[in-house]
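# Residue-level structure breakdown
Here's the letter readout for the chains.
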Amino acid sequence: MDPECSQLLPALCAVLADPRQPVADDTCLEKLLDWFKTIADAGSSLLLLQENPCLVTLLCPVLKPQDLSPRVLAFLLRLAGILAAQEDCFQHLQQGDLLPRLFGEAGPLGGAAWTAPTVRSGWIQGLCSLTQHPSALCFLAHSGAVDTIFSLQGDSSLFVASAAGQLLVHILGLSMQAPAEGHPSLQPAHWPACAQKIVGHIEESLRATATPQVTQALNVLTTMFSHCHDPWTQVLWVHLSPLVACLLEKDPVPAAHSLVDLLLSVARSPVLSSSSCGLWDTLAQTLSRLRASQAGPLALGILKLQECPKALRAQAFAVLLQPLTCVLEATTQAPGLPGSVGGTADAPLTAGMLLPSKAACVGLLCQTLAHLELLQPLPQRPSPWPWAPLLSAAVTILRLCNGSATPTSDTGTHLCAFLAGCVRVQRAALDFLGTLSQGTGPQELVTQVFAILLEYLTSPDSSPTVLKKAFQATLQWLQSSPKPSGGGDLEPHAQLFLRELLPVLPKRLCSPCWDVRDSGLEFLTQTVRRWGGQAGFRHALLASEVPELTEQLLRDPESYVRASAVAAMGQLSSRGLHIIPASPGHPGAQQKSLLEELLHILSTDSEGFPRRAVMQVFTQWLRDSHADVAADTEHFVARVLRVASQDLDWEVRAQGLELALVFLEQTLGQPSSSCPYAMTPPAAAPPSLVAQALQPFCRVQLFDFAFRALFDCDRPVAQKSCDLLLFLRAKTASYSDQQGSSSGPDVASLEAALQRWQAGDQGQPLGDLEPEAVVAVLRSLDLEGLRGALAESSDHAEQSPLSLLQDMLATAGILGENEADCY
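Here's a quick rundown of the structure.

What follows covers the side chain of Ser135. Relative to the helices and strands, Ser135 resides in helix H9 (residues 134–143). Taking the relative accessible area as the measure of exposure, Ser135 reaches 14% and is therefore buried. Those residues within four positions of Ser135 in sequence are excluded, and the remaining contacts are Glu87, Phe90 and Gln91.

It is worth spelling out helix H22 (residues 410–419) at this point. For H22, the set of buried residues is Thr411, Gly412, Leu415, Cys416, Phe418 and Leu419. Viewed end-on, H22 has its buried residues packed into an arc of 165 degrees, placing them on one side of the element. Turned more than 90 degrees from where H22 packs its buried face, Asp410 and Ala417 sit exposed. In this fold, the buried residues of H22 make contact with helix H19 (310–331), helix H20 (358–375), helix H21 (387–402) and helix H23 (423–435). Two residues or fewer past H22, Gly421 is found with a positive phi of approximately 70 degrees.

Moving on, we come to the nonpolar core. With 264 residues, the main nonpolar core has Trp123 and Phe618 as its most contacted residues. Among residues more than four places away in sequence, those in contact with Phe618 are Leu595, Leu598, Leu599, Leu602, Phe636, Val640 and Leu659.

Under the definition given, this model contains 23 salt bridges. With its nearest N and O atoms 2.7 Å apart, the salt bridge here joins Glu658 to Arg623. On the criterion of sequence distance, the pair formed by Glu658 in helix H36 (residues 650–668) and Arg623 in helix H33 (residues 608–624) is long-range, its members being 35 residues apart. Take Glu658: its relative accessible area is 16%, and that puts it in the buried class.

One full turn of an α-helix is made of 3.6 residues, so residues set three or four places apart face in the same direction. The terminal C-alpha atoms of helix H13 (residues 193–207), which comprises 15 residues, lie 21 Å apart, in line with the 21 Å expected from a rise of 1.5 Å per residue. Along H13, the residues that are buried comprise Cys194, Ala195, Ile198, Val199, His201, Ile202, Glu203, Ser205 and Leu206. For H13, the elements touching its buried residues are helix H10 (145–152), helix H11 (158–175), helix H14 (211–227) and helix H15 (232–247).

Between helix H18 (residues 292–303) and H19, whose axes approach to 9 Å, the crossing angle comes to 140 degrees. As far as their axial angle goes, H19 and H18 are oblique. For the element pair H18 and H19, the recorded crossing hand is left-handed. Along the contact surface, H18 presents Ala295, Gly296, Ala299, Ile302 and Leu303, while H19 presents Leu312, Arg313, Ala316, Phe317, Val319 and Leu320. Taken together, the residues of the contact of H18 with H19 break down into 9 nonpolar, 1 polar and 1 charged.

What follows is about the packing of aromatic side chains. Going through the model one piece at a time under the given rule, you end up with 16 aromatic pairs. A ring pair is formed by Phe697 and Phe703, whose centres lie 6.3 Å apart and whose planes are at 80 degrees; its orientation type is edge-to-face. We classify Phe697 as buried; its relative accessible area is 0%. Aromatic rings pair up to connect Phe663, Phe697, Phe703 and Phe707 into one cluster. One residue, Arg612, lies across the ring of Phe609, its end atom 5.1 Å from the ring centre.

Another point: a nonpolar patch on the surface. Taken together, the side chains of Trp514, Tyr560 and Phe609 make up a nonpolar region of the molecular surface, amounting to roughly 280 Å² of accessible area. Secondary-structure assignment places Tyr560 in helix H31 (residues 559–574). Since its relative accessible area comes to 38%, Tyr560 is described here as partly exposed.

A word on the side chain of Thr233. With respect to the helices, strands and loops of the structure, Thr233 is situated in helix H15. A residue is classified by how much of its surface remains accessible, and Thr233, at 0% relative accessible area, is buried. There is a polar contact of 2.5 Å between the side chain of Thr233 and the backbone oxygen of Asp230. Sequence-distant contacts of Thr233, defined by excluding residues within four places in its chain, comprise Phe225, Cys228, Val271 and Leu272.

Another point: unusual backbone geometry. Cis peptide bonds are those with omega within 30 degrees of zero, and the linkage from Asp251 to Pro252 qualifies with 0 degrees. Topologically, Pro252 is positioned in the loop between H15 and helix H16 (256–268). Pro384 follows Ser383 through a cis peptide bond whose omega is 0 degrees. Within the secondary structure layout, Pro384 lies in the loop between H20 and H21. Residue Ala255 is not a glycine yet carries a positive backbone phi of 50 degrees. Tracing the backbone through its elements, the reader meets Ala255 in the loop between H15 and H16.

Definitions and cut-offs
- Residues numbered from 1 in each chain as written.
- Predicted model: local features only at pLDDT ≥ 70, side-chain atom pairs only at ≥ 80, totals over all residues.
- Heavy atoms only, no water.
- Helix = DSSP H or I, 4+ residues; strand = E, 2+ residues; numbered from the N terminus.
- Buried < 20%, exposed > 50% of the residue type's maximum accessible area, 1.4 Å probe, protein only.
- Contact = heavy atoms within 4.5 Å.
- Arc of directions from axis to C-beta.
- Core = buried A, V, L, I, M, F, W, Y, C linked by side-chain atoms within 4.5 Å.
- Salt bridge = Lys/Arg side-chain N within 4 Å of Asp/Glu carboxyl O.
- Expected span 1.5 Å × (residues − 1).
- Axes fitted to C-alpha atoms, helices over the stretch in contact; angles between N-to-C directions.
- Parallel < 35°, antiparallel > 145°, perpendicular 65-115°, else oblique.
- Left-handed = near helix turned anticlockwise from the far one by under 90°.
- Nonpolar A, V, L, I, M, F, W, Y, C, P; charged D, E, K, R; others polar.
- Phe/Tyr/Trp six-rings, centres within 6.5 Å; stacked < 30°, edge-to-face > 60°.
- Lys NZ or Arg CZ within 6 Å of the ring centre and 35° of its normal.
- Patch = residues over 30% accessible without salt bridge, like charges linked within 9 Å, V, L, I, M, F, W, Y side chains within 5 Å.
- Areas by Shrake-Rupley, 256 points an atom, 1.4 Å probe, with all protein chains shown as cover.
- Polar contact = N/O pair within 3.5 Å; in protein donor to acceptor, adjacent residues only side chain to side chain.

Next up, the structure:
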């Protein structure tokens, strides 16, 4: 510990022990604990106590917990645990009977302070910290602490209850460490007393009739098998698995979700999954006993296992597909789910599984669709994957939701009633349908997919969120459509779909719901980016009202819509699909260009989203040499940088620097990505080219913007400026070497201006600059050091322990206000 901290520590301990002093906030107490733990881990806790006896004095008020606030009491319990984690320090604290009076019956257990969850949590965390050696296990066995932990498993605070279960796992693992190393196959009857007590409690809880007790036991075992993979865990599972199997004989199965978590944690254990302990039989039995909604997560977990018996995988997949099989049987004459892996002969289907209530039906279908969506991209998914039946099921569910399905049974009629207009199921089905675009299916089903998507996109009953999902699924299917053999970007069915959709898109762009307009614009931007060069698409788009309506949405009252309209118009213009209409009052004249319109938005829009979108469009236009930009690039860059540099939104300023960097790269060449171990450095630009290029940079006020941004109060902007100037310095190295040192009046005035800006006075612009002055200043600036400083966290200077102690003492009024480094 630093001498300065040692001097302040007694005063801080006195403040914490005095109930009349203001209590430090939780953040300071947490940082203080972290500091003590760092010291203890790096050296001797006993030496820490001997050099700072005030710490022992600090722990004494815990013996009178009624005088302390719950936060300070919890802090002291945790501090005692951290110090006692080393066995010699534990023995030292034991000599004064301090630990039994902290964590035993004589401590805060029976007092009023115990009613605070913070104190109970601190007690558990303190015990968890000190339980690191055999002496701690003996202490736990004789202090009655284990019984208290058992009771805290059912605590009203979920955090306390969870921590109690984790502490039991920690104690069991520590108590089994030494015996298991010598005798890994030792039976539980010969385990240490502490381990036997915990295992006995788990057995008793598994036999209990109350579901909460069963849940607590299952959760402890789940944590154990998830984190501990020692050989003795196999002995524990063999010992307890009959009790777990007995739970399956009850109706209903108690704590089903916790049981599923336990079985999957056992199946993932490298020790247990490779042994013959009856695990796979238990999993198969569980799949057949649980309700469909409970068995779904178990089936998914089994199918995600790397190693699993083939028969069990087939059973799990059949269970997962059961709800979709019911849907297909209710709306078609074909039994079951055709092509499903393993079939469904061994898993009898009941319509009642889906029909107990609307909530159960909706929940089960959404869960099944989500599980299949997660499973599909995994390499261990069942093979062959039944693309066609799954496509048919997804389309059928969407038809049940919009009322276009034809039920063929009473079950189908009930499903129509349950699912009609159900937004939740529609969203899940559209997500799954989009995922299925990655595979292949018969052309007839693909046609049905585009048909149902078009129905949802054109239906006035589709909600905004459903429309957004439908647009996303449509884009996925269009992108995955195979290219026709005769050339072109889209196969005929997809081309026909787009031609039918484009007349509908204007209705969505005119929707009273802003999120519908926004979704339509996002879809338009993506389709133009992908197929803007395809003749059929261009013809259909130009024949529609979409370009004109998109331009009108640049003035939409909702900022999100304006931003999406900016992106869409930028893409339309890049593809030559933006036609400037004539002004109504002057048929022979034209309205202002799109470039002027976007500059107006950048200068005047009150919201940040549209302005950011404009900067992204302008940057892309510069990269692509857009016609409006290429006509006078220097004038374009000057106008944009002039506006962006004054913007209050840091993202706009950062994007302005990105545009400036693109301008630099186009003039001076791309930044080098050479290997740092190369024998020769990358070649810099010729001096004549650099001198010529720096003149337009000066004219567009690029350096004024970049140097000002170097001291921006928003770190990302300063980092971007630093990167830009480092790139420029590397490119002007040859020019700098040729010119030599420069110390003229321009350099001095520029350096003086930068010093004023760094001090916060950025009122004066730089004015006209000469290339020589810019190069000289670039060479004199420590840009590498600045980049390193910007990479550090904002509070790196105030994270020292000394600063923390000073702040806490200042809060209590012990230090004068100028002595603390308050942040």
